[in-house]
Amino acid sequence: MTHREKVRPVCSLILVTLLAVLGLQLLPLGASVQLQDNGYNGLLVAIHPQVSEDQNLISNIKEMITEASFYLFNATKRRVFFRNTKILIPATWRANNYSKVKQESYEKANVIVSDWYGAHGDDPYTLQYRGCGKEGKYIHFTPNFMLNDNLTAAYGPRGRVFVHEWAHFRWGVFDEYNNEKPLYIDGQNQIKVTRCSSDIAGTFVCEKGPCPQENCIISDLFKDGCMFLYNSTQKATSSIMFMQSLSSVVEFCNASNHNQEAPNLQNQICSLRSTWDVIADSVDFDNSIPMSGTELPPAPMFSLVQSGEKVVCLVLDISSNMAKGDRFLHLQQAAEFYLMQIVEMHTFVGITSFDSKGEIRAQLHQIKNIDDRKLLVSFLPTTMSAEAETSVCLGIKKGFEVVEKLNGKAHGSVMILVTSGDDEHINNCLLTVLNSGSTIHSITLGSSAAGNLEELSHLTGGLKFFVPDKSSSNSIIDAFSRISSGTGDIFQQCIQLESTGEIVKPHHQLKSTVTVENGVGNDTAFLVTWQTNGPPEIVLSDPEGRKYNTNNFTHNLDLQTAHLSIPGTAKPGNWTYTLNNTHNSPQALKMTVTSQASSPTVPPATVEAYVERESTHFPNPVMIYANVRKGFYPILNATVTATIEPETGEPVTLKLLDNGAGADVIKNDGIYSRYFFSFAVTGRYNLKVHVYQSHRINTQEAHSIPGSHAMYVPGYIANGNIQMNAPRKSMSRSEEKQKWGFSRVSSGGSFSVLGVPNGPHPDVFPPCKIIDLEAITSEDEVTLFWTAPGEDFDQGHATSYELRMSKSLQTIQDDFDNAILVNTSELSPQEAGIKEMFTFLPKRITMEPEHQSDGETQESNRIYMAIRSIDRNSLKSVVSNIVQTSLFTSQNPAPALARDCLIMKGVLTALGLIGIICLTIIITYYILNRKKRASNKENGAKLL
């Protein structure tokens, strides 16, 4: 065993021990909210830099969270409260003795305050992209919601609204109302209003006031001018996820009062489980017990931090390890492009390098113009060291020396660490890094880089990237392009439109098209890189046919790059480029295109790629996500493709979907998802996402923002009187008609997979869970709809389905194997992603009389159904979401809507019976009369 092999386990033990000792100190650093002794620490609220300065906004945020803390404490039965919160003040606001930021940034915030202009302009909402019980992405409030006290009449007190959204964000529960399905038919064949709990009382209201239910409902919709208004005074105490605005509502729905029949997202996504059941199963509740006594917890503590100057330091590996696979050349090319194009104006930039020791190459220099950018490029390292040993700690230490010269501390600074070395002494600087207040983004080149290197990024809230040793890979440029200032101001950031590369044969070409749509065009740049032997022949054509050739590009022959900046705003449309390999040997040719927003007010389309977790163990899949948006609005019907590069082996491409099935929980929310399980080797994997949408697609943008919204209450019934709130304000959106489609590229960073077996893998991947099962009843038939899963998760097609039903929800939930099996032998699963339909007649055994809570007996009852799929090796998926329906042969009173029809039937039946009786009497009278006459004749004859 070598010395390094002996030292590595010891270092790992030291790291684990150090993390355990630092424990509580590390909790807030990743901008992750942690629960300690019943109190939440590290909640981060960020105000967008375009929000106008208003000190009342800060006061109202504090007041909201303080109110929410006590409300949440009581609602969770003395379980949790908010202990401390940070409010991130944008740099656009005047300095006011705010503390300097450390690792906090807008992009890491749990709660954001920002404008969005749409039909429901002030709805608080939470963006949820994962399943039941999974944490959401962020909570969003508008400045107007936070400042306009008149809105509390419709949404309720802000603290209560915050708890409603917190439950979405933290515990992965969903709304219990449904604006799209406000009514449903319950198990007694009665039309009910969608609500939870059912005890919340209200009145049907027509244009002129309260009215009977039958005057206000058409099918499952309200007539125009009709609605259902709730009483302002209630006896019901739940539920917060339905209508937190009611003063009596202080609890979440639990198993005893949860309305399982209501057609809402909570029932659909959480398989009819109550919100309290889901919350009680959370990690928060596993790690805490109710506080004793009767005292309330302390009020939350607040700290105000503000972003200052943007400070970046490049920390670059120049050891001999960088010689392998053109790593050093790729680093030079990417660093040059970052300095010339990506890093934002007015940023202070420094450069350090390291091998076994560190060196300062450039002190901080603020970028004010193109000359400043060129000056910084001149300080990039041009040669590698002969030393193979690397000391990441010494490189970072020199980086701290550079950034601390501005304000005396490294708080709020960013380190971009690029290395390929295996440094076994990283643990030596862990505590220094954690206390620095700096964020470290790590870019590891090749598979030899230290395994614990990325811990520096994880603990400081930085991004981490992996670049495989492939000459055609553009991953290092993609990584640099993804790193932004973190302010959230998309109008100041560079957007990557294209990133591609391939090995081009001699005298062949790389040719493609990139779309520059109306939303971008400023500071558009084309970067061409090559491998050896001089530049390729470049031909670039704009949408109007103007051509740019090799001579129009600025060349750096030492770095093997050619760069072209389009002056002004680039013409919208399709730009076509051709890279001709004029040499007699294959060349790795690559093209990168970036641009910025063309308007200071209309946000461009963006894509953010990420994975659910940074590490997984075979055979657990990785869930890949791409959030495609224009501002806050989701972009629909885009073609989204993920490319996953392993350490060794060929890249894998995967089409991501927004269909509400498989890994994609919510349909049409702009978050495209897919399972990835094609693991080639144990180690790191690099993720890149390419988004494209043709201008021929009609529906590009959703008309509303998806997410779990706080209910807007149109009015109440107070003391028998109708009290209406102001109509919901609709904010117009001035959108220029999009003539062109768009294209985007974004790096999703890296993730690690452990325990991948060598050689061919056994089939260990079952079909994915069906999450969109729906049921429709027609007379005595049930028709089910769902999206077909795959043979392996959401790819291929399964072999068979197992459909079961029961009158008992508990049986379906807890004992699926013993529920009644439905014959599906004639149903062959289709390819994954295709809609399935199946109609069947439930067996009579499910129709046995069942006693209802009101003492009545109903001959047909509500039935519960779920399904799972089976692959060719008999691997079974998780049981699907549960659906419910009723088949009615009931003798109970008919619903009010059918009253007139039943009366008519009764009248007709009565008339028919009367007619039959009259006809019978007439016939009987006629027969008896004939017999009487016949008898009289016979008697007369006898007398004669």
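Residue indices follow the written sequence of each chain, beginning from 1 at its first position. pLDDT decides what is reported in this predicted model: residues at 70 or higher carry local features, side-chain atom pairs at 80 or more are listed and counted, and totals for whole chains, interfaces and linings draw on all residues regardless. Hydrogens and waters are ignored; side-chain quantities use all the structure's heavy atoms.

1. Comments concerning the pattern of salt bridges
Applicable threshold: By definition here, a salt bridge exists when the distance from a side-chain nitrogen of Lys or Arg to a carboxyl oxygen of Asp or Glu is within 4 Å. Only DSSP runs of H or I covering at least 4 residues are called helices, and only runs of E covering at least 2 are called strands; the numbering of each starts at the N terminus. Each residue is assigned to one of three classes by its accessible area relative to the maximum for its type, calculated with a 1.4 Å probe on protein chains only: buried under 20%, partly exposed between the two thresholds, exposed over 50%.
Summed over all chains, the structure comprises 27 salt bridges. For Glu802, the salt bridge is made with Arg868, and the minimal N-O distance between the two is 2.8 Å. One end of the pair, Glu802, is in strand S47 (residues 800–806); the other, Arg868, is in strand S52 (residues 862–870), and 66 residues separate them in sequence. We classify Arg868 as buried; its relative accessible area is 10%. Residue Glu802 pairs with Lys876 through a salt bridge whose shortest N-O separation is 3.8 Å. One end of the pair, Glu802, is in strand S47; the other, Lys876, is in the loop between S52 and strand S53 (883–886), with 74 residues separating them in the sequence.

2. Considering the confidence of the model for the chain
What counts, and what does not: pLDDT runs from 0 to 100 and stands for how confident the predictor is about each residue. Throughout, a contact is declared for two residues whenever any of their heavy atoms are within 4.5 Å.
Overall, the predicted model of the chain reaches an average pLDDT of 88, with 86% of residues at or above 70. Confidence over residues 845–860 falls short of pLDDT 50; this stretch has 41 contacts with residues more than four positions distant or in other chains. Residue range residues 890–903 is modelled with pLDDT below 50. Its contacts to residues more than four positions away, or to other chains, number 17 contacts.

3. Section: the state of the cysteines
Rule in force here: By convention in this document, the label disulfide applies to cysteine sulfur atom pairs within 2.5 Å.
Counted under the stated rule, the structure contains 3 disulfides. Bridging Cys132 to Cys270, the disulfide has an S-S length of 2.1 Å. Between Cys132 and Cys270 the sulfur-sulfur dihedral comes to about 105°; the bridge is accordingly right-handed. Here the residue Cys132 occupies a position in the loop between strand S8 (125–127) and strand S9 (138–141), and Cys270 occupies one in the loop between helix H7 (265–269) and helix H8 (275–280), the gap between them amounting to 138 residues. Classification of Cys132 by relative accessible area gives partly exposed; the value is 23%. The exposure class of Cys270 is buried, given its relative accessible area of 3%.

4. Here's the deal with the pairing of strand S20 (residues 358–366)
The line we're drawing: In this scheme, strands are said to pair when DSSP sees at least two bridges between them.
In terms of strand pairing, strand S19 (residues 348–354) meets S20 through 6 bridges, oriented antiparallel. Within S20, the residue paired with Ile351 across the bridge is Ala362. Between S19 and the antiparallel strand that follows it, S20, lie 3 residues.

5. What about helix H2 (residues 55–75)?
Where we set the bar: By this rule, a helix spans an expected 1.5 Å times one less than how many residues it contains.
For H2, with 21 residues, the first-to-last C-alpha span of 30 Å sits near the 30 Å given by 1.5 Å per residue. Residues of H2 that are buried: Leu57, Ile58, Asn60, Ile61, Met64, Ile65, Ala68, Ser69, Tyr71, Leu72, Phe73 and Ala75.

6. Description of the nonpolar core
For clarity, the threshold we go by: Put simply, a nonpolar core is a bunch of buried Ala, Val, Leu, Ile, Met, Phe, Trp, Tyr and Cys residues held in one set by side-chain atoms that sit within 4.5 Å of each other.
Of all hydrophobic cores here, the largest spans 74 residues; its most connected members are Phe162, Trp166, Trp171 and Phe252. The element that contributes the greatest number of residues to this core is H2, accounting for 9 residues. For Phe162, the residues in contact, after removing those within four places along its chain, are Leu43, Met64, Ile65, Ala68, Phe82, Val111 and Phe141. Counting residues in each nonpolar core, the second largest holds 53 residues, with Ala609, Val622, Phe632 and Val691 among its members.

7. Some words on the packing of helix H10 (residues 327–342) against helix H11 (residues 370–378)
To be explicit about the condition: Inter-axis angles, ranging from 0 to 180 degrees, are taken between N-to-C directions of lines fitted to C-alpha atoms, where helices are fitted over the stretch in contact. Small angles under 35 degrees read as roughly parallel and large ones over 145 as roughly antiparallel, with 65 to 115 read as roughly perpendicular and the rest as oblique. Two helices cross in a left-handed way if the nearer one is turned anticlockwise from the farther one by less than a right angle. They cross in a right-handed way if the turn is clockwise.
Taken N-terminus to C-terminus, the directions of H10 and H11 make an angle of 165°; their axes are 9 Å apart at the nearest point. Here H11 runs roughly antiparallel to H10, going by the angle between their axes. Regarding H10 and H11, the two cross each other, and that crossing is right-handed. Where H10 abuts H11, its residues Glu336, Tyr338, Leu339, Met340 and Gln341 lie against Ile370, Arg373, Lys374, Leu376 and Val377.

8. A short note on the packing of aromatic side chains
Rule in force here: Only centres within 6.5 Å qualify two rings of Phe, Tyr or Trp (six-membered ring in Trp) as a pair; their planes then separate them into stacked at under 30 degrees, edge-to-face at over 60, and tilted for everything else. Throughout this description, the term charge over a ring refers to an Arg CZ or Lys NZ atom that lies within 6 Å of the ring centre and within 35 degrees of the ring normal.
In the structure shown here, the tally under the stated rule is 39 aromatic pairs. Here the aromatic rings of Tyr40 and Trp166 are separated by 5.0 Å at their centres, their planes lie at 65°, and the arrangement is edge-to-face. Of this pair, Tyr40 sits in strand S2 (residues 39–41) while Trp166 sits in helix H5 (residues 158–171), and the two are 126 residues apart along the sequence. Considered together, Tyr40 and Trp166 belong to a single accessibility category, that of buried residues. An aromatic cluster is defined as three or more aromatic residues linked by ring pairs; in this entry it consists of Tyr40, Phe82, Phe141, Phe145, Tyr155, Phe162, Trp166, Phe169 and Tyr712. In this structure, Lys137 is placed above the aromatic ring of Tyr610, and the distance from its NZ or CZ to the ring centre is 4.1 Å.

9. Some words on the sheet that holds strand S44 (residues 742–754)
Across the sheet, 5 strands lie side by side as S34-S44-S40-S37-S38; this open sheet has mixed pairing. Each of the sheet's edge strands pairs with one partner strand only, and the pair in question is strand S34 (615–617) and strand S38 (652–656). Strand-to-strand, the axes of this sheet are offset by a mean angle of 30°, without reference to chain direction. Where S34 lies against S44, 3 bridges are found, and the strand directions are parallel.

10. Here we look at the packing of H2 against H5
Which entries qualify depends on this criterion: Classes in brief: Ala, Val, Leu, Ile, Met, Phe, Trp, Tyr, Cys and Pro nonpolar; Asp, Glu, Lys and Arg charged; the others, Gly included, polar.
Close contact between H2 and H5 brings their axes to 8 Å; oriented N to C, the two are set at 70°. The pairing of H2 with H5 is recorded here as roughly perpendicular in orientation. Residues Asn60, Met64, Ile65, Glu67, Ala68, Tyr71 and Leu72 of H2 form the contact with H5, whose own contacting residues are Arg158, Gly159, Arg160, Phe162, Val163, Trp166 and Trp171. Class assignment for the residues of the contact of H2 with H5 results in 9 nonpolar, 2 polar and 3 charged.

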